Amino acid sequence: MLNIVLFGPPGAGKGTQSEKLITKYGLTHLSTGDLFRKHLGEGTDLGKLAKKYMDEGHLVPDEVVIQMVEDKISNSENSSGFIFDGFPRTTAQAEALDKMLANHGMAISGMIALDVPFQILKERIIERGKTSNRVDDQNEEKINTRIKVYLDETLPVAKYYEKQGKFKEINGVGEINDIFNEISETIDRY
Ligand code: AMP
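Residues numbered from 1 in each chain as written. Predicted model: local features only at pLDDT ≥ 70, side-chain atom pairs only at ≥ 80, totals over all residues. Heavy atoms only, no water.

This part is about the packing of helix H2 (residues 32–42) against helix H4 (residues 62–74). Viewed as axis vectors pointing N to C, H2 and H4 meet at an angle of 95°, and their least axial separation amounts to 11 Å. When the axes of H2 and H4 are compared, the pair comes out roughly perpendicular. Here Thr32, Leu35, Phe36 and His39 of H2 come into contact with H4, specifically with Val64, Val65, Met68, Val69 and Lys72. (Axes fitted to C-alpha atoms, helices over the stretch in contact; angles between N-to-C directions. Helix = DSSP H or I, 4+ residues; strand = E, 2+ residues; numbered from the N terminus. Parallel < 35°, antiparallel > 145°, perpendicular 65-115°, else oblique. Contact = heavy atoms within 4.5 Å.)

Right, let's talk about the site of the ligand for a bit. In the vicinity of the ligand there are 16 residues, among which Thr32, Arg37, His58, Gly86 and Gln93 approach most closely. Within the side chain of Arg89, an N or O atom sits 3.0 Å from a nitrogen atom of the ligand. Interatomic distance of 3.0 Å between a side-chain N/O atom of Gln93 and a nitrogen atom of the ligand. Notes on the ligand: free accessible area 480 Å², of which the protein chains cover 96%. (Near = heavy atom within 4 Å. Polar contact = N/O pair within 3.5 Å; in protein donor to acceptor, adjacent residues only side chain to side chain. Areas by Shrake-Rupley, 256 points an atom, 1.4 Å probe, with all protein chains shown as cover.)

What follows deals with the pattern of salt bridges. A side chain of one charge can pair with a side chain of the opposite charge if their charged atoms are brought near each other. As enumerated under the stated definition, the model contains 12 salt bridges in all. The residue Arg128 makes a salt bridge to Asp137 at a minimum N-O spacing of 2.9 Å. Overall, Asp137 belongs to the buried group, its relative accessible area being 1%. Across the salt bridge formed by Asp136 and Arg134, the nearest N and O atoms sit 3.0 Å from each other. Residue class for Asp136 comes out buried when judged on its relative accessible area of 9%. (Salt bridge = Lys/Arg side-chain N within 4 Å of Asp/Glu carboxyl O. Buried < 20%, exposed > 50% of the residue type's maximum accessible area, 1.4 Å probe, protein only.)

This paragraph deals with the pairing of strand E4 (residues 110–115). E4 sits mainly inside the fold: five of its six residues count as buried. Sheet analysis places strand E1 (residues 2–7) next to E4, joined by four bridges and oriented parallel. Across the sheet, Val5 pairs through a bridge with Met111, a residue of E4. (Pairing = 2+ DSSP bridges.)

Here we take up the packing of H2 against helix H3 (residues 45–56). Taken N-terminus to C-terminus, the directions of H2 and H3 make an angle of 120°; their axes are 8 Å apart at the nearest point. The angle between H2 and H3 places the two elements in the oblique class. Crossing hand, H2 versus H3: left-handed. Two secondary-structure elements touch here, H2 through Gly33, Phe36, Arg37, His39 and Leu40 and H3 through Leu46, Gly47, Ala50, Lys51 and Met54. (Left-handed = near helix turned anticlockwise from the far one by under 90°.)

Right, here's the structure in full:
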């Protein structure tokens, strides 16, 4: 059973690489950003609640995110493992994830972090915003907020996995396939 946390700041390429990884390894993609956007599109209460935070580039409260992930894991019983994309984003979420997985007899295999300089991130997000329809991709102030939130609240999550000997950083700048091959080599060693 493979359970991988794909980590990195907004615009690092987590979504792009996740798509390729689920095809290669037959894993379930669990992107909390995608799940929130689905709720938003369907106009659910959860979507309405999340929208207030997402539009400003802030994090949705831990207990809301954790419950949503718990539901998704419980509803994916036949899965051969998960790619967690955009989750966990706080140390409290990482601790909750370890407990949830343990309850299902699973554990995180490793975290793979995509390293991309901030100037390149901004350029990528602005480019994505031209077609993504995402409010949070279309405004420089909101992009700056998301990067600041990443530095303040999310970066400590890397330390959490480093302490467990489960952290690997990969250069996230270059050809998509080269980055994918490097990620695959890391996964094949788990
Ligand atoms: P993403 O698509 O991963 O960039 O997520 C878009 C937005 O959804 C974020 O800026 C947050 O507002 C919210 N979000 C996604 N994942 C999480 C999470 N794990 N914790 C808190 N908020 C999240």
